[in-house]
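Observations on chain architecture
So you can see what is in the structure, the chains are spelled out below.
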Amino acid sequence: MTDLRSDFVGIKSPNPFWLASAPPTDKEYNVRRAFQAGWGGVVWKTLGSEGPPVVNVNGPRYGVIHGPDRRVLGLNNIELITDRPLEVNLREIKSVKRDYPDRALIISLMVPCDEDSWRDILKRIEDTGADGVELNFGCPHGMSERGMGSAVGQVPEYIEMVTRWVKQYSRMPCIVKLTPNITDVRKPAEAAKRGGADAVSLINTINSITSVDLDLFAPQPTIDGKGAHGGYCGPAVKPIALNMVAEIARHPETRGLPISGIGGITTWRDAAEFMALGAGNVQVCTAAMTYGFKIVQEMISGLRDYLDTHDMALSDLIGRAVPNVTDWNQLNLNYVTKAVIDQDACIKCGRCYAACEDTSHQAIAMRPGRVFEVIEEECVACNLCVDVCPVEDCITMRELAPDETDLRTGIPRGGYANWTTHPNNPMSKAAE
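Residues numbered from 1 in each chain as written. Predicted model: local features only at pLDDT ≥ 70, side-chain atom pairs only at ≥ 80, totals over all residues. Heavy atoms only, no water.

Moving on: the domain arrangement of the protein chain. Each domain of the protein chain was delimited in the assignment, giving domain 1 (6-324) and domain 2 (351-415). Using only C-alpha atoms to locate each centre, domain 1 and domain 2 end up separated by 42 Å. (Domains from an automatic or database assignment.)

Shown next, in the form of structure tokens:
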């Protein structure tokens, strides 16, 4: 049975599944229940400076995007950092860590962008026994208007500066949580590395308005007739998160920088995908808020079964897909596939035909008796038909063999050739 114990920048946990800093990690009661359910670690909901407490809204805090079956695809959150007193949080953190010494307990922090504020908060948390700190440079609402959160995360110079302060005044490993609300996530990751960060975590939530109430004419969630932008999370953000994790993992300036992957992780497979793209562990929020803490048990058993089946260690999975992530201009333009329909599996719904006929390349014919066939002479291998077919593996893509003629172009399949060498590229050597 595969050993799932994790050592992330020196922070040990029985498995690589952590709860992200969010409502599920706001208090001792929640965190104890999470550890009892099997979570390997938690990032405590973001603490701020001691003083007048943060005031959260007392109306709805979440907007939602549902799928047709009412499954939660995304949440829009307008909640701020913890509104509980700092001293209470610190006391509870110390108590939980004392009772669960084998679990990872990280403290998320957000204070004003000045050295004294960071030095003070770090002194306050030193004796809690926590395993590390996560700098919340990603929150896109509420706190960002006060010059914190993503207001810092969008300025690489600030990231580097604050990270240096944290490394100067703290003994604990430092994880920098990055905002996705930026053009190029590699720049803040580079800044975090220059500042001495031990790792980065990403993505934080995406700036969003999920919906508009068409009776009140206000964004949802609506507070006394008004709405505000919030932070979007959940399964819908996973593709964005995967891309940003991969960008950091393969970028020459950040390659090798440990990554904690966040964003829409709901199943063990989601977690494995993040790890294959370079994440050393993963953090989960929306899935726990939707299904409860025990969802981690499926993640643990699923990941373990996958690794056992493939005779892989956890370390073998991390980063395994990174060498296969490339830029478009390096893709093989001589690689050709064609759609194939399994007539025995086909339920004759016609989705493939409608999609291809109306919006693609008119490469599927409807024969008498609603028999759908691929017209290879027209098929460009876009695989839209595969994506819209409701029957798994009913439509597949067949790879043309070397030298097999593509009926659409009349050209035999050749060897590897990308855009940099393609004769249609005016900058390629072949065009000279």
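This part is about unusual backbone geometry. Here the bond from Leu202 into Ile203 is cis, since omega is 10°, no more than 30 degrees from zero. Tracing the backbone through its elements, the reader meets Ile203 in the loop between strand S10 (199-202) and strand S11 (206-208). Between Gln220 and Pro221 the backbone carries a cis peptide bond, its omega angle lying at 0°. A positive phi angle is found at Phe217, which is not glycine, with a value near 55°. The residue Phe217 is located in the loop between strand S12 (211-213) and strand S13 (218-220) in this model. (Helix = DSSP H or I, 4+ residues; strand = E, 2+ residues; numbered from the N terminus.)

This brings us to the sheet that holds strand S6 (residues 72-77). Taken in spatial order, the four strands of this open sheet run S5-S6-S14-S11, and their pairing is antiparallel. The sheet is open, and its two borders are formed by strand S5 (62-66) and S11, each paired with just one other strand. Strand after strand, the sheet turns through a mean of 35° between neighbouring axes, direction not considered. Bridging between S6 and strand S14 (residues 230-233) involves three bridges; their strand directions are antiparallel. Residue pairing across strands places Leu75 opposite Cys233, the latter belonging to S14. (Pairing = 2+ DSSP bridges. Axes fitted to C-alpha atoms, helices over the stretch in contact; angles between N-to-C directions.)

Neighbouring strands of a sheet are bound in pairs by backbone hydrogen bonds; such pairs are parallel or else antiparallel. As summarised here, the arrangement of the eight strands in space is S3-S4-S7-S8-S9-S10-S15-S16, forming a closed barrel in which the pairing is parallel. Averaged over all pairs of adjacent strands, the angle between their axes in this sheet comes to 25°, without regard to strand direction. As defined by bridge partners, strand S9 (residues 174-177) adjoins S10 across three bridges and the pair is classed as parallel. When the bridges of S10 are listed, Val176 appears paired with Val200. Across the sheet, helix H5 (residues 156-169) lies against strand S8 (132-136) and S9, angled at about 155° from S9, the strand it touches most. (Contact = heavy atoms within 4.5 Å.)

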